[in-house]
Amino acid sequence: ANPHWKLLLSLVEKAAGSFSPQGVANTMWALATMRVDAAQDKVLFEALALAALQKMASFNPQALANTAWAMATLELRVDPLLQQLQRCCL
């Protein structure tokens, strides 16, 4: 894999907690669009899922939709995040 790509993913992982709600959702959407392997980059997606959980009360409908789509596309199963998405969407 490209070392620059690995560095970028590492930086995203470390900074995910400081992203805005839109930044978290957009990052998850972008990584899903690029079909990043969630199983291979598990720690990265755990950091993004935690950030999403912490900020979900501030997500707008587009951010909720982007996050749900990203999780489905990546086949990412993080039960607390899925449950929170469900609560926010009902």
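Residues numbered from 1 in each chain as written. Predicted model: local features only at pLDDT ≥ 70, side-chain atom pairs only at ≥ 80, totals over all residues. Heavy atoms only, no water.

Peer 1: Help me understand the overall build of the protein, please; the structure alone is not making it clear to me.
Peer 2: The helix and strand inventory of the protein stands at 5 helices and 0 strands. Start at the N end of the protein and walk to the C end: the helices and strands fall as α-α-α-α-α. Over its C-alpha trace the protein gives a radius of gyration of 12 Å, about what one expects of a compact globule, namely 12 Å for 90 residues. Principal-axis analysis of the C-alpha atoms gives the protein an extent of 40 × 25 × 20 Å. Taken across its 90 residues, the protein has 37% of its residues classed as buried. Nonlocal contacts in the protein, meaning residues at least 24 apart in sequence, comprise 75% of its contacts between residues at least 6 apart. Accessible area of the protein: about 5,400 Å², with a carbon and sulfur share of 57%. Taken together, the 7 basic and 6 acidic charged side chains of the protein have centroids lying 5 Å from each other. (Helix = DSSP H or I, 4+ residues; strand = E, 2+ residues; numbered from the N terminus. Rg over C-alpha atoms; globule rule 2.2 N^0.38 Å. Buried < 20%, exposed > 50% of the residue type's maximum accessible area, 1.4 Å probe, protein only. Contact = heavy atoms within 4.5 Å. Areas by Shrake-Rupley, 256 points an atom, 1.4 Å probe, with all protein chains shown as cover. Lys, Arg positive; Asp, Glu negative; His and termini not counted. Charge placed at Lys NZ, Arg CZ, Asp CG, Glu CD.)

Peer 1: Before we go on, may I ask you to explain the pattern of salt bridges in this structure?
Peer 2: For side chains bearing opposite charge, pairing can occur when the charged atoms are close. Scanning all chains against the criterion turns up 2 salt bridges. Asp41 is the partner of Lys6 in a salt bridge, and the nearest nitrogen-oxygen pair spans 3.7 Å. With a gap of 35 residues between them, Lys6 in helix 1 (residues 3–15) and Asp41 in the loop between helix 2 (21–33) and helix 3 (42–55) connect regions that are remote in the sequence. According to the relative accessible area criterion, Lys6 is partly exposed, its value standing at 35%. A salt bridge links Arg77 to Asp79; the shortest N-O distance between them is 2.9 Å. (Salt bridge = Lys/Arg side-chain N within 4 Å of Asp/Glu carboxyl O.)

Peer 1: What am I meant to see in the nonpolar core here?
Peer 2: Grouped burial of nonpolar side chains is what soluble globular proteins tend to show. Core analysis: the biggest nonpolar cluster contains 28 residues, and Met28, Phe45, Leu48 and Phe59 have the highest contact counts within it. With 7 residues, the top contributor of residues to this core is helix 3. Once residues lying within four places of it in the same chain are set aside, the contact partners of Phe45 are Leu31, Val36, Asp37, Ala38, Leu74 and Leu76. (Core = buried A, V, L, I, M, F, W, Y, C linked by side-chain atoms within 4.5 Å.)

Peer 1: I would appreciate a short explanation of helix 3 in the present structure.
Peer 2: Because an α-helix packs 3.6 residues into every turn, residues spaced three or four apart end up facing the same way. An ideal rise of 1.5 Å per residue puts 20 Å on 14 residues; helix 3 measures up with 20 Å between its terminal C-alpha atoms. Where helix 3 is concerned, the buried positions are Leu44, Phe45, Ala47, Leu48, Ala49, Ala51, Ala52 and Lys55. Structurally, helix 3 contributes buried residues whose contacts are with helix 1, helix 2, helix 4 (61–74) and helix 5 (79–89). (Expected span 1.5 Å × (residues − 1).)

Peer 1: Teacher, can you tell me more about the packing of helix 2 against helix 3 here?
Peer 2: Two quantities define a packed helix pair, namely the angle between the helix axes and the distance between the axes. Taken N-terminus to C-terminus, the directions of helix 2 and helix 3 make an angle of 145 degrees; their axes are 9 Å apart at the nearest point. Pair helix 2 / helix 3 crosses with left-handed handedness. Along its contact with helix 2, which presents Pro21, Val24, Thr27, Met28 and Leu31, the element helix 3 presents Leu44, Phe45, Leu48, Ala51, Ala52 and Lys55. For the contact of helix 2 with helix 3, the class distribution of residues is 9 nonpolar, 1 polar and 1 charged. (Axes fitted to C-alpha atoms, helices over the stretch in contact; angles between N-to-C directions. Left-handed = near helix turned anticlockwise from the far one by under 90°. Nonpolar A, V, L, I, M, F, W, Y, C, P; charged D, E, K, R; others polar.)

Peer 1: Explain the confidence of the model for the protein to me, please; I cannot follow it from the model alone.
Peer 2: Predicted coordinates in areas of low pLDDT are best not read in detail. Of all residues in the protein, 99% attain a pLDDT of 70 or more, and the chain-wide mean is 92. In the model of the protein, helix 5 stands out as the element of lowest mean pLDDT, 88, in contrast to helix 2, which has the highest, 96. (pLDDT = per-residue confidence, 0-100.)

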